[in-house]
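These are the residues of each chain, in order.
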Amino acid sequence: MSSQPNFVIKLGWALGIILAVLAIVSYAPSGAVATDASGWKMPRDPEVVNFKRADAEVVTQSLVAPPFLPKHEQTAVGPPRLIKIRMDIVEREVEIAPGVFVWQMAFNNSVPGPMPVVHQYDWVELTLYNGASQEAGYTMNDGSSLNVMMHNVDFHASTGALGGGELTHIRPGQEVVLTWRAVNAGVFVYHCAPGGRMVPYHVVTGGNGALLVLPREGLRDGYGNPVRYDRAFYFGEQDYYVPKNDDGTWKRSKDYADQMSAMEEVMEGLVPTHVVFNGKVGALTSDIRLEAKVGETLLMLHSQANYPSWPHLIGGHGDWVWPYAKFNNRPDEGLETWDVVPGGSAAAVYTFKQPGLYAYLNHNLIMAFIKDAKAYIHVEGEWNNELMEQTSPPTSVEP
Ligand SMILES: [Cu+2]
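Parameters at a glance
- Residues numbered from 1 in each chain as written.
- Predicted model: local features only at pLDDT ≥ 70, side-chain atom pairs only at ≥ 80, totals over all residues.
- Helix = DSSP H or I, 4+ residues; strand = E, 2+ residues; numbered from the N terminus.
- Buried ≥ 20, exposed ≤ 12 C-beta atoms within 10 Å, placed from the backbone.
- Contact = placed C-beta atoms within 7 Å.
- Pairing = 2+ DSSP bridges.
- Axes fitted to C-alpha atoms, helices over the stretch in contact; angles between N-to-C directions.
- Core = buried A, V, L, I, M, F, W, Y, C linked by C-beta atoms within 7 Å.
- Domains from an automatic or database assignment.
- pLDDT = per-residue confidence, 0-100.

Visitor: Can you help me understand the overall build of the chain in this one?
Guide: Helix and strand counts for the chain stand at six helices and 21 strands. Scored against the burial criterion, the 399 residues of the chain give a buried share of 38%. In the chain, the proportion of contacts linking residues at least 24 apart, taken out of those at least 6 apart, comes to 74%.

Visitor: It is not clear to me how the sheet that holds strand β13 (residues 274-277) should be interpreted in this structure. Could you clarify?
Guide: Strand pairing in a sheet takes place through backbone hydrogen bonds and is either antiparallel or parallel in direction. Taking strand neighbours across the sheet as the criterion, the six strands line up as β13-β12-β15-β19-β17-β18 in an open arrangement whose pairing is mixed. On the outer flanks of this sheet lie β13 and β18 (332-335), each paired with one strand and no other. Strand-to-strand twist in this sheet, taken as the mean axis angle between neighbours without regard to direction, amounts to 25 degrees. In this structure, strand β12 (residues 231-240) lies alongside β13, joined through four bridges in antiparallel fashion. The partner of Y240 across the bridge, within β13, is H274.

Visitor: How should I be thinking about unusual backbone geometry in this particular structure?
Guide: What you tend to see is this: most non-glycine residues have negative phi, and most peptide bonds are trans. In this model, P66 is joined to P67 through a cis peptide bond whose omega is 15 degrees. Tracing the sequence through the fold places P67 in the loop between β1 (57-60) and β2 (81-97). Not every positive phi belongs to a glycine, and N108 is a case in point at roughly 55 degrees. Residue position: N108 is located in the loop between β3 (100-107) and β4 (117-119). A positive phi angle is found at Y121, which is not glycine, with a value near 80 degrees. Mapped onto the fold, Y121 is located in the loop between β4 and β5 (123-130). We classify Y121 as buried; it has 24 C-beta atoms within 10 Å.

Visitor: I'm lost on the sheet that holds strand β16 (residues 311-314) in this one. Help?
Guide: The sheet built from four strands is open, its strands ordered β14-β21-β20-β16 with mixed pairing. Only two strands of the sheet have a single partner each, and these edge strands are β14 (290-293) and β16. Between one strand axis and the next, the sheet turns through 25 degrees on average, direction left out of account. With four bridges joining them, β16 and strand β20 (residues 356-362) adopt antiparallel strand pairing. Pairing of H312 across the sheet is with L361, part of β20.

Visitor: So what exactly am I meant to see when it comes to the nonpolar core here?
Guide: In this structure, F188, A210, L211, V213, M300, L301 and A348 are the most contacted members of the largest nonpolar core, which totals 86 residues. Element by element, the count of residues in this core is highest for β2, at six residues. Looking at this core, you find at least three residues from each of domain 1 (46-218) and domain 2 (231-380). Apart from the residues lying within four places of it in its own chain, the contact partners of M300 are F233, F235, A348, Y350 and Y360.

Visitor: How do you make sense of the environment of V379 when you look at a structure like this?
Guide: Secondary-structure assignment places V379 in strand β21 (residues 374-380). Placed 23 residues apart in sequence, V379 and G356 show a C-alpha to C-alpha distance of 5.1 Å. V379 has contacts with A292, K293, V294, F352, P355, G356 and Y358, leaving out every residue within four places of it along the chain.

Visitor: Would you mind going over the confidence of the model for the chain with me for this structure?
Guide: Low pLDDT means the predicted coordinates in that region are not meant to be read closely. Here the chain averages 91 in pLDDT, and 88% of its residues register 70 or above. In this model residues 18-34 is a low-confidence stretch, pLDDT under 50, and it forms seven contacts with partners more than four residues away in sequence or in other chains.

Visitor: What is the right way to read the environment of L212 from this model?
Guide: Within the secondary structure layout, L212 lies in strand β9 (residues 208-214). Placed 26 residues apart in sequence, L212 and G186 show a C-alpha to C-alpha distance of 6.0 Å. Here L212 is in contact with L69, M115, V117, V187 and L301, once residues within four sequence places are set aside.

Structure representation (C-alpha cells):
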C-alpha cells in the first residue's frame, strides 16, 4: 500500500521535468527580430533594412589620419545614407624606427589607413586611386605620383566579391569606385588583398585599416542603456618583418617591389621584427600626445590585420567591452584585458576616474615594451583618495 503514493509523486516529478524541458526548447527565439530573455536585442526596423540606395541622401566624409576619427554623429539621424569617401594608395618609404626603413603601402598616406565612420545599413561609396592623386595633395618619395604595384581593398564589413577585393584591382594611375552596404555593426578591418603571396606582403607593409559601423541607435551597455563617448581613439597595430644585411644592419630597398623577396624570408619565420601602434615606433607615446579628462568616456578602437593582440589599459579597465568589437552583441563588463584576433578588432569604453598617465597597450609585454605596441593617454582632473592613496610613503626599514 505504501508504494503507491511514492509512485504517484515520482510520476508527477517526471511530468514536471518533461514540461519544463519542452518549455525551454519551444522558447528558442527565431527569425531576424529575435529578442533575448532580457530584451537586450533590438528588433530590426524593416523600413531601415528595406530602404533603397537610390533614395539615400548622399554625404561626403572627409577622412582623417589615425588615431583620430572623422566628425560623426553617435546615433543615426534619419534613414540610411550613402557616405562617399576617397582613399589613395601611396607607396612610400618610412623610417619606422631609428635606422629602420620600410616601403609601406599606405591608404591615404597613413599606416594604419583612415577610419571611416558610418551607421549600420548606410552605404559606403569608395573612390580608390592607385597613386597620390592631385586633389589629395600627397607627394611620393621621389616626387612622382605613381606606384609600382597593383593594389585593391577587401572590406570585412562588406558582402560579396571577396569583400570588394575582386572589383577593386587597380594598376598604378587607375581609379575605381565601389559601393557597398554596411549590414553589420562593429569595427571591421579593411586591407589590400591583391591575391596569393601579395596579400600578406601588402598587409604587413601597412596596407590595412578599419572602418567603424555604429548601430543606428548608438552604442548600448549590457543593461541596454545608451553609451555616449566624449573621445574616440583608433589604435591600429602593425607587425613588420624587416630584413637585415649580412653585416647586421637593416636592409633598405629601392622601391616597394624591390623590397618583397627579402622581406618574405623574414615573414616566413612568423616572428615580427617590429610591432607598433600607428605605423612607427613612438607614434602614440611621443609624436602624438593623446589627452583626456577625469569624467570623460573614451571609446578605444583597435585593429590588427595579421597578428593577435591583447589590449589592456594600465591604471583603468574596459568598463564595457564588445566581443570582437561587434556592437550587436551584449558587451562584457569590467574587463582587465581583452582580445584582438588577426584580421579583427576590439572596442571598449572607459570613463576616467583618476588623473595621470595611462598606457593602452598590447599586454603581451614583449610586444609593448621591447617592441612598441603601446600608446600613452594623459588624463587631467582631480585625484580621488578613496580609489587610491599612498597611505605610507617608501621608507627604509631595518631587515
Ligand atoms: Cu596593395
